[in-house]
Amino acid sequence: MRRKLLKNTRASPLQVQLGPLTLANPLMAASGTFGYGEEMEGFIDPGIYGAIVGKSISRAPRQGNPLPRVAEVSAGMLNSIGLQNPGIDAFIGTYLPRMRKYRTKLVVNIVGDTLEEYVEMAERLDAERGVDALELNISCPNCPAGGMEFGIHPRATELLVSRVREKFRGPILAKLTPNVTDIVPIAKAAEAGGADALSLVNTYLGMAVDWKRRRPRLGGVTGGLSGPAIKPLALRSVWLVSQASRLPVVGIGGIMNSTDVLEFLVAGATAVQLGTVHFVKPRIVPELLEELADAVAEEGLSSIRDIVGTLEVERRAITVRCDG
Ligand code: RRO
């Protein structure tokens, strides 16, 4: 009984607010690393996450890129999945009804070849029960058209977000690419377009070669780098953007343990997404929740929200601009 009471009183200190979206805890499953939940059910109850983000959905089904689609590299992995997904009709008809049973928030990640495709999918998803938020993938590193093409231009980002905003009434997260010289103007453009939160960051463009065979290690030749290798890079983006934008930021990039989560929160993230770690430790979330609750208690705080954006920086020490 006492244990149960303790657990219950621990649930609410982890609650966070992503704009209009309330999450029971700050741990989200990142798009592309959790399927649509079903493959993970054998490992973990998807309901334990604050939210789950499904694999990107496009208007038409996609077969994805030639094999191999993943390559392990130092401190991370490269992927070139190429947006394999069943398409919006099958998602709405088959996958979404199954996902509705999960006792968590469902975020649907969409990607289009054109602005019109994003708008059309947003309108259709607006009519569906159980879609708690949209995540606009304007950062796909492996799509021949659309995706990252939008997210590298501030004006295209603002236009796309604003057009989707007209059709989707729920919260909109814009998932940004780090493959730009300066992510801050893109973040501000997404904010100006009406996004409610920013997911930072998608994968970094990279490549691996098998020198003996003189061949690339990915069928798609180049791919997106994720895992611990990118954590310091992602952390910097989260910090820069959280200084420059009023929107809540979702930190993504190489999170492997609760210390990593707390580092992202201190740097300015309100929530985080777990991605590559799922391939190593698919059952990691319960231990992370326990450790996060312990950290809040040990810091003498009543909520994990009190940790967000608490990084102390000597302004004099800043050697790069951080105000966008
Ligand atoms: O499917 C992919 O290859 C892919 C996508 Br849509 C994405 O957004 N990020 C990524 O690393 N891979």
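The notes below deal with the structure included here. (Residues numbered from 1 in each chain as written. Predicted model: local features only at pLDDT ≥ 70, side-chain atom pairs only at ≥ 80, totals over all residues. Heavy atoms only, no water.)

Section: the sheet that holds strand β11 (residues 204-207)
- If you walk across this open sheet you meet the 4 strands as β5-β6-β14-β11, and the pairing is antiparallel. The open sheet has two free edges, formed respectively by β5 (70-73) and β11, since each of these has just one partner strand. The average undirected angle you get between the axes of adjacent strands in this sheet is 40°.
- With 4 bridges joining them, β5 and strand β6 (residues 76-79) adopt antiparallel strand pairing. Its bridge partner being in β6, E72 is matched across the sheet by M77. (Pairing = 2+ DSSP bridges. Helix = DSSP H or I, 4+ residues; strand = E, 2+ residues; numbered from the N terminus. Axes fitted to C-alpha atoms, helices over the stretch in contact; angles between N-to-C directions.)

Things to note about a nonpolar patch on the surface
- A surface patch of nonpolar side chains, amounting to about 430 Å² of accessible area, comprises M207, V209, W211 and V221.
- Considering the arrangement of structural elements, one finds V209 in strand β12 (residues 209-210).
- Relative accessible area serves as the criterion here: at 53%, V209 is assigned to the exposed category. (Patch = residues over 30% accessible without salt bridge, like charges linked within 9 Å, V, L, I, M, F, W, Y side chains within 5 Å. Areas by Shrake-Rupley, 256 points an atom, 1.4 Å probe, with all protein chains shown as cover. Salt bridge = Lys/Arg side-chain N within 4 Å of Asp/Glu carboxyl O. Buried < 20%, exposed > 50% of the residue type's maximum accessible area, 1.4 Å probe, protein only.)

Section: the packing of aromatic side chains
- Summed over the entire model, instances satisfying the criterion amount to 4 aromatic pairs.
- An angle of 70° between the planes, with centres 4.9 Å apart, marks the rings of F34 and Y49 as edge-to-face. With F34 in the loop between β3 (27-29) and β4 (51-53) and Y49 in the loop between β3 and β4, this pair connects stretches of sequence that are 15 residues apart.
- Accessibility expressed as a relative area gives 1% for F34, which makes it buried.
- Overall, Y49 belongs to the buried group, its relative accessible area being 1%.
- Here Y118 and F150 contribute two aromatic rings whose centre-to-centre distance is 5.4 Å and whose plane-to-plane angle is 90°, an arrangement assigned as edge-to-face. (Phe/Tyr/Trp six-rings, centres within 6.5 Å; stacked < 30°, edge-to-face > 60°.)

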